[in-house]
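Coordinates in review
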Amino acid sequence: MASAVKDARAPDLRGFREVQSLAYACAEAVAGRLRPGVTEREAARMQRDWLRERGVRDWFHLPFAWFGDRTAFAGFRIPLQFFPTNRKLEPGMPFILDMAPVYRGFTADIGYSGCLGLNPLHDKLLADLEAHRELILHEVRERRSLREIYEDVDRLMIRQGYANRHRAYPFGVIAHKVDRVAERRWSPHVFGFGTQSLKGLMSDALHGHRDGWSPLWSPYQFSDHPPQPGLWAVEPHLGFRGTGAKFEEVLVVTDSKNPEESAFWLDDDLPHVRRWAEERVAA
Amino acid sequence: MSLLDLPGARERRVRTGGIELCVAELGEEGRPTVVLVHGYPDSKEVWTEVASRLADQWHVVLYDVRGHGRSTAPKPLRGGFTLEKLTDDFLAVANAVSPDRPVHLVGHDWGSVQSWEFVTVKRTEGRIASFTSMSGPSLDHFGHWIKQRMTRPTPRRVGQLLGQGAKSWYIYMLHTPVLPELAWRGPLGKRWPRMLQRLEKVPAGDYPTSSLPDDAAHGAWLYRDNVRARLSRPRTDAYAHVPVQLITPTGDVFLSEKLYDQLELWAPQLVRRSLDGKHWVPRTRPDQLASWISEFIAANEAAKENGGPVQNTAPTGAYADRFGGRLVLVTGAAGGIGRATAFAFAEAGARVVAVDRDAEGAARTAEMARLIGAPAAWGEAVDVSDEQAMEKLAEKVAAEYGIVDVLVNNAGIGLSGSFLDTTSEDWKNVLDVNLWGVIHGCRIFGRQMAERGQGGHIVNTASAAAYQPSRALPAYSTSKAAVLMLSECLRAELAERSIGVSAICPGIVNTNITATTRFAGADAAEEERLRKRTSRLYGLRNYPPERVADAILKAVVRNQAVVPVTPEARGARLLSRFSPGALRGIARLKPPL
């Protein structure tokens with residue numbers, strides 16, 4: 001049984017919220033411990049250890065860490081390049097921590113952007129991500145086709161002067177579905193992805209294929225359908241000349257007629273959202 | 001205008017080692033002092049233009065090197081021009097004009113050669129705050145450079161040796177006895193001003209001064225007293241003890257740029273700049289020199305006050321040495337190639353004016369440009385097809401930001417559809433922006449550049465459609481072919497004013513142009529479908545505008561005439577020259593829309 005969610009309309013949101021904030025707490029804790037000279041591998045290992053200590057046993061995918069121009073996926077040609085390298089962190093360098101732990105059967109997939117010391121350009125990118133969060137929610141509530149929303153996000157990025165870097169992800173996805181995962185004593189992973197989660201994704205893909213939707217939110221024809229109820233891990237990723245920034249968090253889509261309830265962010269108490277609010281207060 | 005005609009100029013004489021030096025001063029005395037040292041065959045008047053620009057901000061000091069201008073010559077001449085004696089002179093001047101503060105040193109040609117000696121010997125430590133060098137290497141570094149290449153003569157090193165060897169022909173001539181003196185006091189001295197105007201593009205005027213024959217005859221001893229001795233036995237401790245800014249003119253016929261390879265070893269705090277120009281840059285490029293010198297002095301003064309080391313002010317992008325601090329204007333800068341070009345120049349440290357019809361987009365480009373290294377950037381909302389608006393823009397830019405060094409006429413719109421469906425209104429729209437926009441830009445800003453007389457560069461964005469005929473793009477191709485030919489003609493005309501003109505032919509590049517292209521003969525719905533379809537096809541091709549921007553910077557640095565960018569643009573260019581029939585065949589194909 002890949003999916004433990006029996007009713008997509010009433011998923012057990014509390015569990016998802018808990019694991020998501022656990023993951024963000026991990027990101028903040030690890031980000032606070034990053035020093036010049038720490039490598040991507042070490043940063044990924046720090047995330048893994050932190051979460052394992054707190055009971056995480058399975059992963060949607062293992063933690064990633066990208067430093068410097070790797071935050072913008074500069075020169076990425078093959079998916080293996082996503083994996084952490086021995087690149088060392090330097091003062092002023094941007095970094096991204098991306099992890100997807102499974103905790104008590106609930107999955108989170110988060111992305112945390114930061115930089116070591118001052119970097120006004122990186123601050124600008126982070127601030128500009130806010131418009132994307134609003135745009136995506138707004139258009140999902142309008143029940144626009146996922147492919148169209150993707151293109152609108154693309155257009156906003158171009159207007160802002162940025163490059164779309166989520167196009168570098170497998171299938172160019174801006175988001176993918178996440179779900180509950182069966183807890184097994186043994187949960188292996190292949191190429192960094194947990195087999196249980198992959199199984200869930202595959203089964204969604206199979207069902208979706210029959211019904212005309214896809215668990216992957218891509219720029220391609222197979223995403224030319226209205227948002228499918230469920231939980232979507234949304235990850236718009238901006239790139240600008242060797243600096244990249246993203247956030248990733250879960251968007252809940254329901255089949256409610258009320259627009260407010262038809263789609264909403266799982267949790268608004270997240271580092272990037274708090275940061276935007278603080279900036280507004282400061283301004 | 002001679003030096004002493006400048007407002008506030010004053011003269012004094014400094015006695016040292018049995019001779020008398022003529023020293024001129026400009027600007028307020030309380031300010032940091034900058035000492036300008038002239039070269040050969042020159043006198044301090046070579047600096048007039050630069051000095052007048054520096055005098056607003058600094059206390060400017062110039063002196064005639066011994067035996068030159070109104071300074072007296074040592075007796076006997078032989079042995080009177082050694083670098084040790086020149087160092088004595090400099091210290092005497094520095095002590096006279098700025099007894100308790102170190103001075104900023106600027107040298108051109110032999111002035112730079114001797115200044116390298118000043119900044120690398122022990123006894124000047126604490127007397128010099130910074131050094132800007134142009135067109136004059138240290139003889140010691142030069143000696144090591146030759147030795148290195150002789151001891152391990154790889155083909156490349158032999159090439160470099162031979163290249164510089166050929167450029168140094170005049171040094172061998174100056175080592176012959178008596179003849180140079182005779183030539184300078186005879187026909188060469190008479191013809192020299194005309195030669196400078198013709199070969200070096202030095203503007204006519206009261207430079208060189210009437211003392212030229214004597215300066216040149218005496219100055220021959222600079223070479224005879226120092227060159228052989230230093231090149232055969234270069235000092236091994238010639239390390240600069242001050243920050244150095246090296247300004248290399250790229251068109252110098254006497255000095256190879258390769259001379260400065262590995263200069264970082266000798267001058268640890270080195271900032272490199274390069275300038276399109278020939279040897280006599282103090283006469284031909286005074287604006288840029290004055291601004292770089294001022295910037296460098298200011299950075300060093302600020303560092304001294306903060307007590308820390310000099311912050312590296314130079315940006316890090318490609319060609320930063322070339323575009324740092326220069327003024328670049330890009331039209332169509334709210335997106336696509338224009339925006340990417342503005343960013344590329346910004347990364348190289350240029351000041352950027354981003355022009356577009358879309359005010360918000362232009363402002364956004366300027367804002368991001370500032371974040372990635374442009375010391376200043378401005379967004380201007382102007383429609384390039386509007387002549388009056390362009391005139392106004394040019395006035396504003398000249399008054400507030402300065403004369404444009406690099407102009408990129410990039411704004412353009414797309415128009416597709418068969419010729420028979422294209423209305424005269426369509427034609428007018430596309431020609432107004434694509435052709436008239438470029439004409440206005442070249443005419444208005446090109447005139448400003450030409451009137452300033454200090455060079456510059458114009459880049460026009462043409463297209464691969466300029467030489468690839470196509471049944472789908474008759475109007476667009478026509479407009480771009482006109483831009484290509486305009487660029488070629490302008491290049492021919494402006495060459496004598498040292499203004500380069502390049503036409504860029506990008507090809508299929510993933511930009512927003514497809515989303516706004518007008519499709520003649522299609523109704524609104526069909527047009528929308530075609531726009532989406534072309535955008536998708538261009539997206540599949542996915543050639544990024546950033547690479548076109550890189551090609552533009554390279555074209556400016558190398559002064560290339562026509563630059564096809566994408567492989568298909570290059571292929572079509574090749575075919576247009578060797579097999580135009582094939583292109584005509586391709587032109588008949590219907591695009592897959």
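Residues numbered from 1 in each chain as written. Chains lettered and ligands numbered in written order. Predicted model: local features only at pLDDT ≥ 70, side-chain atom pairs only at ≥ 80, totals over all residues. Heavy atoms only, no water.

1. Side note on the overall build of chain A
From N to C terminus, chain A includes 7 helices and 14 strands. Structurally, chain A occupies a C-alpha span of about 50 × 45 × 40 Å along its principal axes. The buried share of chain A, reckoned over its 283 residues, is 57%. Residue pairs in contact within chain A that sit at least 24 positions apart in sequence constitute 70% of those at least 6 positions apart. When the accessible surface of chain A is split by element, carbon and sulfur atoms take 54% of a total near 12700 Å². Chain A carries 39 positive and 39 negative side-chain charges, and their two centres are separated by 5 Å. (Helix = DSSP H or I, 4+ residues; strand = E, 2+ residues; numbered from the N terminus. Buried < 20%, exposed > 50% of the residue type's maximum accessible area, 1.4 Å probe, protein only. Contact = heavy atoms within 4.5 Å. Areas by Shrake-Rupley, 256 points an atom, 1.4 Å probe, with all protein chains shown as cover. Lys, Arg positive; Asp, Glu negative; His and termini not counted. Charge placed at Lys NZ, Arg CZ, Asp CG, Glu CD.)

2. Quick notes on the interface of chain A and chain B
Residue-level contacts link 13 residues of chain A with 12 residues of chain B. Interface area lost by chain A to chain B is led by Lys 124, Phe 240 and Arg 241 of chain A, which between them contribute 47%. Summed over the shared surface of chain A and chain B, the result is 4 salt bridges. Taking the shortest distance from any N to any O, the salt bridge between Arg 536 of chain B and Glu 151 of chain A comes out at 2.6 Å. Connecting chain A to chain B are 8 residue pairs in polar contact (both at pLDDT 80 or more). Elements represented by at least two residues in the side of chain A that touches chain B include exactly helix H3 (120-141) and helix H4 (146-160) of chain A. (Buried area = accessible area lost by both parts, 1.4 Å probe. Salt bridge = Lys/Arg side-chain N within 4 Å of Asp/Glu carboxyl O. Polar contact = N/O pair within 3.5 Å; in protein donor to acceptor, adjacent residues only side chain to side chain.)

3. Re the UniProt feature "domain: Ketoreductase" (unreviewed entry) in chain B
According to UniProt, the feature "domain: Ketoreductase" (unreviewed entry) maps to residues 326-507 of chain B in the numbering used here. The distance separating the terminal C-alpha atoms of residues 326-507 of chain B is 28 Å; by composition the span is 49% helix and 19% strand. (UniProt positions renumbered as here; feature names shortened; annotations may be inferred.)

4. Side note on the packing of helix H4 (residues 139-151) of chain B against helix H9 (residues 212-232) of chain B
Residues and elements named next belong to chain B. The N-to-C vectors of H4 and H9 enclose an angle of 45°; their axes lie 8 Å apart at closest approach. It follows from the interaxial angle that H4 and H9 lie oblique. Classified by chirality, the crossing of H9 by H4 is right-handed. Only Asn 226, Val 227, Arg 230, Leu 231 and Ser 232 of H9 make contact with H4, whose side of the interface consists of Leu 139, Asp 140, Phe 142, Gly 143, Ile 146 and Lys 147. Its residues placed into classes, the contact of H4 with H9 shows 5 nonpolar, 3 polar and 3 charged. (Axes fitted to C-alpha atoms, helices over the stretch in contact; angles between N-to-C directions. Parallel < 35°, antiparallel > 145°, perpendicular 65-115°, else oblique. Left-handed = near helix turned anticlockwise from the far one by under 90°. Nonpolar A, V, L, I, M, F, W, Y, C, P; charged D, E, K, R; others polar.)

5. Details of the nonpolar core
Counting residues in hydrophobic clusters, the biggest one holds 105 residues, and the most contacted among them are Ile 136 and Trp 217 of chain A together with Phe 345 of chain B. Counting residues per element, this core draws most heavily on helix H1 (residues 13-33) of chain A, at 10 residues. What Trp 217 of chain A contacts, discounting residues up to four positions off in sequence, is Ile 136, Val 140, Leu 146, Ile 149, Tyr 150, Gly 172, Val 173, Ile 174, Ala 175, Ser 223, Trp 232 and Val 234 of chain A. (Core = buried A, V, L, I, M, F, W, Y, C linked by side-chain atoms within 4.5 Å.)

6. Side note on the packing of aromatic side chains
Considering all chains together, one arrives at 33 aromatic pairs over all chains under this definition. Their ring planes at 90° and their centres at 5.0 Å tell us that Trp 66 of chain A and Phe 73 of chain A sit as a pair that is edge-to-face. Of the residues examined, Trp 66 of chain A reaches a relative accessible area of 1% and is grouped as buried. Here Tyr 40 of chain B and Tyr 223 of chain B contribute two aromatic rings whose centre-to-centre distance is 5.2 Å and whose plane-to-plane angle is 75°, an arrangement assigned as edge-to-face. Highlighted residues: Tyr 40 of chain B in the loop between strand S3 (33-37) and helix H1 (48-54) and Tyr 223 of chain B in helix H9, separated in sequence by 183 residues. Accessibility assignment for this pair places Tyr 40 of chain B and Tyr 223 of chain B in one class, buried. Among the aromatic residues, those joined into a cluster by ring pairs are Tyr 40, Trp 110, Trp 169, Tyr 170, Trp 184, Trp 192, Tyr 223, Phe 254 and Trp 280 of chain B. Taking the ring centre of Tyr 467 of chain B as reference, the NZ or CZ of Arg 573 of chain B above it sits at 5.5 Å. (Phe/Tyr/Trp six-rings, centres within 6.5 Å; stacked < 30°, edge-to-face > 60°. Lys NZ or Arg CZ within 6 Å of the ring centre and 35° of its normal.)

7. A word on helix H13 (residues 336-347) of chain B
All names here are of chain B. When the terminal C-alpha atoms of H13 are compared, their 17 Å separation across 12 residues agrees well with the 16 Å that a helix rising 1.5 Å per residue should span. Among the 12 residues of H13, 10 are classified as buried, and the element is accordingly described as predominantly covered. Along H13, the residues classified as buried are Ile 337, Gly 338, Arg 339, Ala 340, Thr 341, Ala 342, Phe 343, Ala 344, Phe 345 and Ala 346. (Expected span 1.5 Å × (residues − 1).)

8. Quick notes on the domain arrangement of chain B
Residue and element names in this part refer to chain B. On domain assignment, one finds that chain B holds domain 1 (3-306) and domain 2 (322-513 + 544-588). Domain 1 and domain 2 are separated by 39 Å when their C-alpha centres are compared. Contacts between domain 1 and domain 2 engage 12 residues on the former and 11 residues on the latter. Taken over both partners, the interface formed by domain 1 and domain 2 buries close to 980 Å², and the fraction arising from carbon and sulfur atoms is 34%. (Domains from an automatic or database assignment.)

9. Here's the deal with the state of the cysteines
Applying the stated criterion to the full structure yields 0 disulfides over all chains. Counting only cysteine sulfurs, Cys 26 of chain A is the nearest neighbor of Cys 115 of chain A, a cysteine outside any disulfide, at a range of 19 Å. Among the cysteines around Cys 489 of chain B, which has no disulfide bond, Cys 442 of chain B carries the closest sulfur, lying 11 Å off. (Disulfide = S-S within 2.5 Å.)

10. Looking at a positive patch on the surface
On the surface, a cluster of positive charge is made up of Arg 77 of chain A together with Arg 547, Lys 554, Arg 558 and Arg 570 of chain B. As for its placement among the helices and strands, Arg 547 of chain B is situated in helix H20 (residues 545-558). (Patch = residues over 30% accessible without salt bridge, like charges linked within 9 Å, V, L, I, M, F, W, Y side chains within 5 Å.)

11. Here we look at the side chain of Ser 187 of chain A
All names here are of chain A. Residue position: Ser 187 is located in the loop between strand S6 (175-178) and strand S7 (189-190). You can call Ser 187 buried: its relative accessible area is 16%. At 3.5 Å, the side chain of Ser 187 forms a polar contact with the backbone oxygen of Arg 57. When residues no more than four places from it in sequence are discounted, the contact partners of Ser 187 are Arg 57, Asp 58 and Thr 195.

12. Focus: a nonpolar patch on the surface
All names here are of chain A. The grouping of Ile 78, Leu 80, Val 190 and Phe 191 at the surface amounts to a nonpolar patch, some 430 Å² of accessible area in total. Here Ile 78 lies in the loop between strand S1 (58-67) and strand S2 (94-103). For Ile 78, a relative accessible area of 48% corresponds to the partly exposed category.

13. Some remarks on the packing of H13 of chain B against H20 of chain B
All names here are of chain B. Running from N to C, H13 and H20 cross one another at 55°; their axes reach a closest spacing of 8 Å. In this view, H13 runs oblique relative to H20, as classed from their interaxial angle. The two elements H13 and H20 meet at a crossing, and its hand is right-handed. Touching Gly 336, Ile 337, Ala 340, Thr 341, Ala 344 and Phe 345 of H13 are Pro 545, Glu 546, Val 548, Ala 549, Ile 552, Leu 553 and Val 556, all from H20. Of the residues contributing to the contact of H13 with H20, the split by class is 10 nonpolar, 2 polar and 1 charged.

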